[in-house]
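Topology and contacts: notes
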There are 2 protein chains.
Amino acid sequence: MKVGLDVLGGDFAPEANVLGAIAAREELGDRASIVLFGDTETIHSILNENNLPSDTFEIVQTNESIEMGEHPTKAFVKKPNSSVALGFQHLKSGEIDAFSSTGNSGAMLVGAMYTIRTIPGVIRPCITTAFPVLNGGVSVILDVGINAECKPDVLYQFGILGSLLAEQIYGIPNPKVGLLNIGEEEEKGNMLSQSAHQLMKDSKEFNFIGNIEGRDLYNGKADVIVCEGFTGNIVLKQAEALYTLIRKRNVKDEYFERFNYEIYGGTPVLGVNGNVIIGHGISNANAVKNMIKLSVDTAEAKLAERIRKVFK
Amino acid sequence: MKVGLDVLGGDFAPEANVLGAIAAREELGDRASIVLFGDTETIHSILNENNLPSDTFEIVQTNESIEMGEHPTKAFVKKPNSSVALGFQHLKSGEIDAFSSTGNSGAMLVGAMYTIRTIPGVIRPCITTAFPVLNGGVSVILDVGINAECKPDVLYQFGILGSLLAEQIYGIPNPKVGLLNIGEEEEKGNMLSQSAHQLMKDSKEFNFIGNIEGRDLYNGKADVIVCEGFTGNIVLKQAEALYTLIRKRNVKDEYFERFNYEIYGGTPVLGVNGNVIIGHGISNANAVKNMIKLSVDTAEAKLAERIRKVFK
């Protein structure tokens, strides 16, 4: 198995990406080899500094990157030789089994839509985050930012997508799906959550346990937490703010340490025809390492293929 | 000045309420006297246990309460002699200057709407919460739950209401108003936040500083954080969940201790024709004490009157 990494994306490119790849390679062993999309000379020099031979990784040469501030669609179209565009070409042709980047996440989404495309039947692809649960494991929350406006049937599909992710990647059998809302009763909430509840309540496609509230976000009441991307993004960033505070206040606690985004590496883009992982722009080498490992997990689980089968 | 307290509301009624009133009375001194709405005999017995004379408080006799599970409107109409209904009658007639309760918050809202009514010009009354800011002080977030669905002009008014609250009750001059969103740029977000941003950006009625994100919730970037009640309620409960975790994990930290809801006592209902405070159902005596003090602060600041003037 081969997984591709965008070496030019993210705030600490290329260094953090190459170092992350070196660390991932050691941990992955024979499970997968990593293909780097970036500048050969720079990569060789970083490898050299780390006493590794030039042929440690297969490299697809490019020194064109899509910057953080660029308009995703325009940049993707105008830069067919950028690391992101080349990565998606290789993913589409099957030369790599997964592609990950900590760069411009909009461009990653555009790349996915334009090349490998949305799985037929999936209304809207989405991204997720994993929240540490107090008694161990994680809850998956989706969408966390690319669908600021959703219809009830989109939320319903998030229940299916999130269940597959929780089961296949996080090893949670028959995951409990909760709808994030402002009350437990089905008539609570706004028009969207009320309608989504009605669609979900008799679902045979996932294990719906009803509404959950903000206070349930860390207690594992649901394994999959469904919401539109507006609320999900604010919930995610509030949790990140908490982790920042914990660090700033110098609180040492095993559980709160698990809020460190580095551990999770990134989020798969669910609902597209291939295994695509988006990492945090501020990723350091450790986060990149875990993003690459997540891309291997996702490819091994054949997550995109499983989603395709369910939506057939 | 006289402030009213519902003795029959909340999970620990009547004990926590009477004990809270006793503690508040000591701290308030001559600033205000407290009028209790509840059962005289029970109140006398609690006073007696605390070596206080029967005439410590003025009491309005009732032993009829609106329970937590009751339908707010139906219960309020059917129980004109309930502590909540009597409290609002006294507030409307001017016999008390503020009324507070930790009971059925829906019934408190219905009571406010039916008796003292919404201030003309205010589209939707709202409730708020105070978040501790790392460098001291608080940010005010609104709405936190009674308006799950809002139009842009309602969010705009929350900017005005929140500014008055921050200024008058929390002593923040020219408060910075931020719109809670999923990106800093004005085109980010859902249709509601995009439209609200357009209304707010040239406002001369409050000091709009633009969008803020979930990661800014604890950093004091904005003194007033505006959102609809769906997002606000989830944000509030997520913060409560954090505090629960901090307690559970036995983390000792001065800043996180300030997430204790007891400190804030409750939320004024903004936009109604009188000073009404709603407390948390789980309030203990300390929380009730602070709720009563907040009701005095609100009445002294003539908050409802100021809002009325602004919306004239």
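If you're wondering where the values come from, they're calculated on a predicted model, not measured in any experiment. (Residues numbered from 1 in each chain as written. Chains lettered and ligands numbered in written order. Predicted model: local features only at pLDDT ≥ 70, side-chain atom pairs only at ≥ 80, totals over all residues. Heavy atoms only, no water.)

Thoughts on the interface of chain A and chain B
As a measure of interface size, the accessible area lost when the parts come together is often cited. The interface is formed by 38 residues belonging to chain A together with 38 residues belonging to chain B. The contact between chain A and chain B buries some 3,400 Å² in all, and 68% of this surface belongs to carbon and sulfur atoms. The largest per-residue losses of area from chain A upon contact with chain B belong to Ile182, Phe230 and Gln238 of chain A, which jointly make up 20% of the total buried on that side. Viewed at the interface, chain B and chain A are joined by four salt bridges. The shortest N-O distance in the salt bridge between arginine 249 of chain B and aspartate 253 of chain A comes to 3.0 Å. Connecting chain A to chain B are 10 residue pairs in polar contact (both at pLDDT 80 or more). Elements with a minimum of two residues in the side of chain A that touches chain B: helix H7 (191-200), helix H8 (229-248) and helix H9 (254-257) of chain A. The element best represented in the side of chain A that touches chain B is H8 of chain A, accounting for 14 residues. By residue class, the composition of the side of chain A that touches chain B is 19 nonpolar, 10 polar and nine charged. (Contact = heavy atoms within 4.5 Å. Buried area = accessible area lost by both parts, 1.4 Å probe. Salt bridge = Lys/Arg side-chain N within 4 Å of Asp/Glu carboxyl O. Polar contact = N/O pair within 3.5 Å; in protein donor to acceptor, adjacent residues only side chain to side chain. Helix = DSSP H or I, 4+ residues; strand = E, 2+ residues; numbered from the N terminus. Nonpolar A, V, L, I, M, F, W, Y, C, P; charged D, E, K, R; others polar.)

Some points on the side chain of asparagine 260 of chain A
Residue and element names in this part refer to chain A. By secondary structure assignment, the location of asparagine 260 is in the loop between H9 and strand E10 (267-270). Residue asparagine 260 is classed as buried on the basis of its relative accessible area of 8%. At 3.0 Å, the side chain of asparagine 260 and the backbone nitrogen of glutamate 262 are in polar contact. When neighbours within four sequence positions are excluded, asparagine 260 is seen to be in contact with Tyr243 and Arg247. (Buried < 20%, exposed > 50% of the residue type's maximum accessible area, 1.4 Å probe, protein only.)

Considering the relation of the copies chain A and chain B
Of the two same-sequence chains, chain A is brought onto chain B (RMSD 0.0 Å, axial shift 0.0 Å) by a rotation of 180 degrees. Such a combination of rotation and displacement between the chain copies is what one expects of a two-fold axis. Closest approach to the rotation axis among the C-alpha atoms of chain A is made by threonine 231 of chain A, whose C-alpha sits 3.0 Å away. The residues that chain A uses at the interface reappear at the interface of chain B in 100% of cases, marking a shared surface. (Least-squares fit on C-alpha atoms with pLDDT ≥ 70 in both.)

Section: the pattern of salt bridges
Taken as a whole and judged by the stated rule, the model has 28 salt bridges over all chains. A cluster of three or more residues bridged by salt bridges with shared partners is formed by Glu184, Glu213, Arg215, Asp216 and Lys221 of chain A together with Lys237 of chain B.

A closer look at helix H2 (residues 40-49) of chain B
Residue and element names in this part refer to chain B. All of the buried residues in H2 are Ile43, Ile46 and Leu47. Buried residues along H2 cover an arc of 100 degrees about the axis, so they all sit on one side. Counted as exposed and oriented over 90 degrees from the buried face of H2: Glu41, Asn48 and Glu49. Packed against the buried residues of H2 are helix H1 (15-28), strand E2 (33-38) and strand E3 (58-61). Backbone geometry just after H2 places asparagine 51 at a positive phi near 55 degrees. (Arc of directions from axis to C-beta.)

Section: a positive patch on the surface
Among the surface-exposed residues, Lys302, Arg306, Arg308, Lys309 and Lys312 of chain A lie close enough to one another that they form a single positively charged patch. According to the relative accessible area criterion, lysine 309 of chain A is exposed, its value standing at 58%. (Patch = residues over 30% accessible without salt bridge, like charges linked within 9 Å, V, L, I, M, F, W, Y side chains within 5 Å. Areas by Shrake-Rupley, 256 points an atom, 1.4 Å probe, with all protein chains shown as cover. Lys, Arg positive; Asp, Glu negative; His and termini not counted. Charge placed at Lys NZ, Arg CZ, Asp CG, Glu CD.)

Remarks on the sheet that holds strand E8 (residues 207-212) of chain A
Residue and element names in this part refer to chain A. Pairing in this open sheet of 11 strands is mixed, and the strands run E3-E2-E1-E4-E11-E10-E5-E6-E9-E7-E8 from one edge to the other. In this open sheet, the two edge strands, each paired with only one partner strand, are strand E3 (58-61) and E8. Adjacent strand axes in the sheet meet at a mean angle of 25 degrees, parallel and antiparallel pairs treated alike. For strand E4 (residues 98-101) and strand E11 (residues 275-278), the ladder comprises four bridges, and the chain directions are parallel. Bridge pairing in E11 links alanine 98 to asparagine 275. (Pairing = 2+ DSSP bridges. Axes fitted to C-alpha atoms, helices over the stretch in contact; angles between N-to-C directions.)

Some remarks on helix H11 (residues 303-310) of chain B
Helical geometry note: an α-helix holds 3.6 residues per turn, so side chains three or four residues apart project in the same direction. Residue and element names in this part refer to chain B. Looking only at H11, the buried set comprises Leu303, Ala304 and Ile307. In an axial view of H11, the angular spread of the buried residues amounts to 100 degrees, which keeps them on one side of the axis. Contact partners of the buried residues in H11: helix H6 (152-168), strand E10 (267-270), strand E11 (275-278) and helix H10 (285-300).

Here's the deal with the packing of aromatic side chains
Taken as a whole, this structure holds 22 aromatic pairs over all chains when the rule is applied. Measuring from ring centre to ring centre gives 5.5 Å for tyrosine 255 of chain B and phenylalanine 256 of chain B, while their planes differ by 55 degrees; the resulting arrangement is tilted. The pair tyrosine 255 of chain B / phenylalanine 256 of chain B is uniform in exposure class, with both members buried. Pairwise contacts between aromatic rings join Phe37, Phe76, Phe88, Phe99 and Tyr114 of chain A into one cluster. (Phe/Tyr/Trp six-rings, centres within 6.5 Å; stacked < 30°, edge-to-face > 60°.)

A closer look at the sheet that holds strand E7 (residues 176-180) of chain B
Residues and elements named next belong to chain B. If you walk across this open sheet you meet the 11 strands as E3-E2-E1-E4-E11-E10-E5-E6-E9-E7-E8, and the pairing is mixed. Among the strands making up the open sheet, the edge pair consists of E3 and strand E8 (207-212). Taking the axes of each pair of neighbouring strands and ignoring which way they run, one obtains an average angle of 25 degrees across the sheet. Relative to the sheet, H2 contacts E2 and E3, its axis offset from that of E3 by approximately 150 degrees.

Considering the nonpolar core
Counting 101 residues, the largest nonpolar core has Phe88, Tyr218 and Phe256 of chain A together with Phe88, Tyr218 and Phe256 of chain B as the members making the most contacts within it. The residues contacting phenylalanine 88 of chain A, other than those within four sequence positions of it, are Phe76, Phe99, Met108, Gly111, Ala112, Thr115, Ile116 and Val276 of chain A. Counting 55 residues, the second-largest nonpolar core is a separate cluster that includes Leu28, Ala98, Ile172 and Phe208 of chain A. (Core = buried A, V, L, I, M, F, W, Y, C linked by side-chain atoms within 4.5 Å.)

Things to note about a nonpolar patch on the surface
Residue and element names in this part refer to chain A. A surface patch of nonpolar side chains, amounting to about 280 Å² of accessible area, comprises Val77, Met113 and Tyr114. Tracing the backbone shows methionine 113 in helix H5 (residues 105-116). For methionine 113, a relative accessible area of 32% corresponds to the partly exposed category.

Brief notes about the environment of aspartate 223 of chain B
Residue and element names in this part refer to chain B. Along the chain, aspartate 223 falls in the loop between E8 and strand E9 (224-226). Considering only alpha carbons, one finds aspartate 223 and isoleucine 172, 51 residues apart in sequence, at a separation of 7.7 Å. Those residues within four positions of aspartate 223 in sequence are excluded, and the remaining contacts are Val138, Ser139, Val140, Ile172, Pro175 and Lys176.

Thoughts on the environment of glutamine 89 of chain B
All names here are of chain B. Tracing the chain through its elements places glutamine 89 in helix H4 (residues 83-93). Residue classification places glutamine 89 among the partly exposed residues on the basis of a relative accessible area of 39%. Along the chain, glutamine 89 and threonine 115 lie 26 residues apart, while their C-alpha atoms are 7.1 Å from each other.

Thoughts on unusual backbone geometry
Residues and elements named next belong to chain A. Proline 14 follows alanine 13 through a cis peptide bond whose omega is -5 degrees. Among the structural elements, proline 14 can be located in the loop between strand E1 (2-6) and helix H1 (15-28). Look at asparagine 174: it is not a glycine, yet its phi comes out positive at around 45 degrees. In this fold, asparagine 174 is placed in the loop between helix H6 (152-168) and strand E7 (176-180). On the basis of relative accessible area, asparagine 174 is assigned to the exposed category, the value being 53%.

Geometric descriptors of this kind do not, in isolation, establish any biological role.
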